[in-house]
Amino acid sequence: MDDSALLRVRDLRVEFHSRRGVNYAVNGVSFDVRAGETLGIVGESGSGKSVSCSSLMGLLPCPPAVIAPESRAMFHGLDLLHAGEAEHARLRGRAISMIFQDPMTSLNPCMTIGDQVAEPLVIHRGLSWREARRLAVEELGRTGIPDPERRARAFPHEFSGGMRQRVMIAMALIAQPELLIADEPTTALDVTVQKQVLDLLRRRQRELGTAMILITHDLGVVRAYADRIQVMYAGSVVESAPAAELLEHPLHAYTRSLMASMPSHRRKGEPLHTIPGLPPTLREPVRGCAFRPRNTIGRPELCLRDRVPELVEVSPGHWVRNCPGCLATAG
């Protein structure tokens, strides 16, 4: 863990309380994000990726969400997890920005594209609407939107999915934030548009020197775009390492299962590997190894049952849950 990092998250725990009981959504997640780097967070739906990052932005409704008092997320001396709404409003869009999964539900259908891109400059930089709109047109042009001056006067429903995602990138980066959280930024886009959007995101990130957290379920995406990768399962980190190290030497059975599920890892005509079953519901605290019922690559009979495996450092920067059954090889 790097104490000089731009963002330092320690022991993040998030629960959701309802009439049906408690959902233990995030359980002791820790990570660092350094200036200018990309951290890829990977895992199936329900693994806690989006909840973890939404908590950093102050976007979880509390209640029903409850963030543990001992959890910390330090950003320039401010604990994001326990900051007030006024502090979050000051940071959101200026120092920290977020790109959401579905741009159509994130864009205001009643405002023009130009006004929505310009708004962060008016709110956080104190610019006039006239000047902010001019800069918004320039930013739209940098994101590859043709005829940006005319398209700035259009409304979200007049844009395709890929173009709306470009608008979201322009909105997120126009105030030149230090940290960008991209939550499944290419969901529902076809493969060609996905690559265009991700290449644009990386290019603008490098131009501005922005750090990025890239949330995805696609290991192929983080293979191409992340500097470090963190794999989450059942609300916890099961493995974390520099991208090249994790992709070349995956240790945990869940990480190996995800990689085996990638089509590029199979010969033509060979059946794809699948992970059987479903992740746990997390309506009770996890006891023992959460991946044991689905572990077909390791040796599930050796998985811990009496305690949650500890996260240990097996080589510099490479952390993994120390579960004998998940670290073993089947057969």
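Just so you know, the residues in each chain are numbered from 1, in the order the chain's sequence is written. With pLDDT at 70 or above as the cut-off, local features in this predicted model cover only qualifying residues; side-chain atom pairs require 80 or more to be listed or tallied, and sums for whole chains, interfaces and linings still use all residues. To get the side-chain values, take all heavy atoms of the structure and skip hydrogens and water.

Student: Lay out the packing of helix α4 (residues 113–125) against helix α7 (residues 161–173) with the relevant residues and their values.
Tutor: The geometry of a pair of packed helices is captured by two quantities: the angle between their axes and the separation between those axes. Helix axes use the C-alpha atoms of the stretch in contact, all axes being lines fitted to C-alpha atoms, and the angles between their N-to-C directions lie in the range 0 to 180 degrees. Helix numbering and strand numbering both begin at the N terminus, where a helix is a DSSP run of H or I of at least 4 residues and a strand a DSSP run of E of at least 2. Two numbers describe how α4 lies on α7: the axes approach to 7 Å, and their chain directions differ by 25 degrees. Taken together, the axes of α4 and α7 lie roughly parallel to each other. For the pair α4 and α7, contact is made by Ile113, Gln116, Val117 and Pro120 and by Val167, Ala170 and Met171, respectively. Three classes are used, and their members are as follows: Ala, Val, Leu, Ile, Met, Phe, Trp, Tyr, Cys and Pro are nonpolar, Asp, Glu, Lys and Arg are charged, and the others, Gly among them, are polar. Among the residues forming the contact of α4 with α7, the class breakdown is six nonpolar, one polar and no charged. Angles below 35 degrees are treated as roughly parallel, those above 145 as roughly antiparallel, those between 65 and 115 as roughly perpendicular, and all remaining angles as oblique. The contact criterion used throughout is that any non-hydrogen atoms of two residues lie within 4.5 Å.

Student: Describe the packing of aromatic side chains, naming the residues involved and giving the relevant values.
Tutor: Side-chain rings of Phe, Tyr and Trp, where Trp is taken by its six-membered ring, are said to pair if the distance between their centres is within 6.5 Å; with planes under 30 degrees apart they count as stacked, over 60 as edge-to-face, and otherwise as tilted. In the structure shown here, the tally under the stated rule is three aromatic pairs. The interplanar angle of 50 degrees and the centroid separation of 4.6 Å between the aromatic rings of Tyr233 and Tyr254 together place this pair among those described as tilted. Of this pair, Tyr233 sits in strand β10 (residues 228–233) while Tyr254 sits in helix α11 (residues 253–260), placing them 21 residues apart in sequence. The pair formed by Tyr233 and Tyr254 is uniform in burial state, with each residue classed as buried. Between Tyr233 and Phe291, the aromatic rings sit 5.2 Å apart at their centres with planes inclined by 85 degrees, giving edge-to-face as the arrangement. In this pair, Tyr233 sits in strand β10 while Phe291 sits in the loop between α11 and β12 (311–315), placing the two residues 58 residues apart along the sequence. With a 1.4 Å probe rolled over the protein chains alone, any residue whose accessible area is under 20% of its type maximum counts as buried; one over 50% counts as exposed, and the rest are partly exposed. Looking at Tyr233, the relative accessible area reads 3%, which means it is buried. Residue classification places Phe291 among the buried residues on the basis of a relative accessible area of 2%. Each residue in the set Tyr233, Tyr254 and Phe291 is aromatic and connected to the rest through ring pairs, giving one cluster. Cation over ring: Arg151 sits above Phe159, and NZ or CZ is 4.3 Å from the ring centre. For a lysine, the NZ atom is tested; for an arginine, the CZ atom; a charge sits over a ring if that atom is within 6 Å of the ring centre and within 35 degrees of the ring normal.

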